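# Structural description and commentary
Chain by chain, the residues:
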Amino acid sequence: MIKTGKQHIYIRYVERAEASRGDEDADDEADEEDTGSDGEPSASDNYFFKYQYELFSFGAILGFLHDEKVDADAAYGQDIRRVEDISDDNKHRQTIDFITKVVQLEEGMEEDDAWEEVLRYADAGVARFDEETDDDLDFVRFVEDASEDLWRERFTDAIGTPGDVGTL
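Residue indices follow the written sequence of each chain, beginning from 1 at its first position. Where totals are concerned, whole chains, interfaces and linings use all residues; where local detail is concerned, this predicted model gives features only for residues with pLDDT of at least 70, and gives and counts side-chain atom pairs only at 80 or more. Here the side-chain values reflect all heavy atoms present in the structure, with hydrogen atoms and water set aside.

### Things to note about the side chain of R120
We apply this condition: Runs of H or I in DSSP of at least four residues are treated as helices and runs of E of at least two as strands, each being numbered from the N terminus. Throughout, a residue-residue contact means that at least one pair of heavy atoms, one from each residue, lies within 4.5 Å.
Positionally, R120 belongs in helix α4 (residues 111-132). Not counting the four nearest positions on each side in its chain, R120 is found in contact with E68, K69, V70, D71, A72 and Y76.

### A closer look at the packing of helix α2 (residues 52-65) against helix α3 (residues 91-107)
As a reminder, the rule being used: The angle between two axes is taken between their N-to-C directions and runs from 0 to 180 degrees, where each axis is a line fitted to C-alpha atoms and a helix contributes only its stretch in contact. In a left-handed crossing the near helix is turned counterclockwise from the far helix by less than a right angle, and in a right-handed crossing that turn is clockwise. Gly counts as polar in this scheme, as do all residues outside two lists: the nonpolar Ala, Val, Leu, Ile, Met, Phe, Trp, Tyr, Cys and Pro, and the charged Asp, Glu, Lys and Arg.
Running from N to C, α2 and α3 cross one another at 30°; their axes reach a closest spacing of 9 Å. Considering only the axes of α2 and α3, their crossing is left-handed. Contact residues: α2 offers Y53, E54, F56, S57, A60, I61 and F64, while α3 offers H92, T95, I96, I99, V102, V103 and E106. Counted by class, the contact of α2 with α3 contains 9 nonpolar, 3 polar and 2 charged residues.

### Here's the deal with the packing of aromatic side chains
Aromatic rings considered in pairs are described by the distance between their centres and by the relative angle of their planes. We count it as follows: Aromatic rings from Phe, Tyr and Trp, with only the six-membered ring used for Trp, were paired whenever their centres fell within 6.5 Å, and each pair was classed as stacked if the ring planes differed by under 30 degrees, edge-to-face if by over 60, and tilted otherwise. Any residue under 20% of the maximum accessible area for its type is buried, any over 50% is exposed, and the rest in between are partly exposed; the area is computed with a 1.4 Å probe on protein chains only.
By the definition in use, this model includes 7 aromatic pairs. With a centroid separation of 4.9 Å and an interplanar angle of 65°, the aromatic rings of Y13 and F129 are classed as edge-to-face. Linking Y13 in helix α1 (residues 7-13) with F129 in helix α4, this pair joins segments that are 116 residues apart in sequence. Of the two residues examined, Y13 and F129, each falls in the buried class. A centroid spacing of 5.7 Å and a plane angle of 40° characterise the contact between F56 and W115, whose relative ring orientation is tilted.

### Re the pattern of salt bridges
Between side chains of opposite charge, a pair can form when the charged atoms approach closely. The condition that has to hold: Any Lys or Arg side-chain nitrogen located within 4 Å of an Asp or Glu carboxyl oxygen qualifies as a salt bridge.
Taken as a whole, this structure holds 8 salt bridges when the rule is applied. Ionic pairing is found between R82 and E84, a salt bridge with its closest N-O pair at 3.5 Å. Since its relative accessible area comes to 41%, R82 is described here as partly exposed. Taking relative accessible area as the criterion, E84 reaches 53% and is therefore assigned exposed. With a shortest N-O distance of 3.0 Å, R93 and D97 are connected by a salt bridge.

As structure tokens, then:
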């Protein structure tokens with residue numbers, strides 16, 4: 001289960017911030033322009049993410065990249081969604097699965113324990129995102145900050161070189 005202790009941040013950045021929505025999001029990947037009847041962008045353009053799990057995957061990546069986690073005793077007051085309910089071919093599901101596997105390798109722990117660490121990375125990443133974001137989200141800066149060298153260093157610290165690990 002994807003959980004957060006940062007629900008107030010999710011509400012601020014996610015169009016659909018309610019905890020669950022049933023079957024209405026079966027087509028999570030739809031990228032249709034959301035405009036009002038006058039052809040102008042709708043109020044949903046005020047949000048950076050359409051679904052909570054999108055912000056979660058971004059937060060997990062950001063937290064992992066900077067090796068930042070919330071305290072181990074942090075409370076997770078809000079359930080977001082079961083990971084299994086996100087399609088296997090969804091890019092955010094793949095990101096979540098990948099980070100979980102990397103954390104599992106890094107920490108040498110079972111998947112359930114690694115998942116608890118991913119939750120901690122995600123909340124720290126979401127908090128970092130909130131602290132560094134103003135009204136105009138600059139994704140370019142986040143991407144530039146996440147240079148190839150930074151990723152290479154982080155992965156080497158986490159799991160070693162490709163020769164050390166073999167294949168994931």
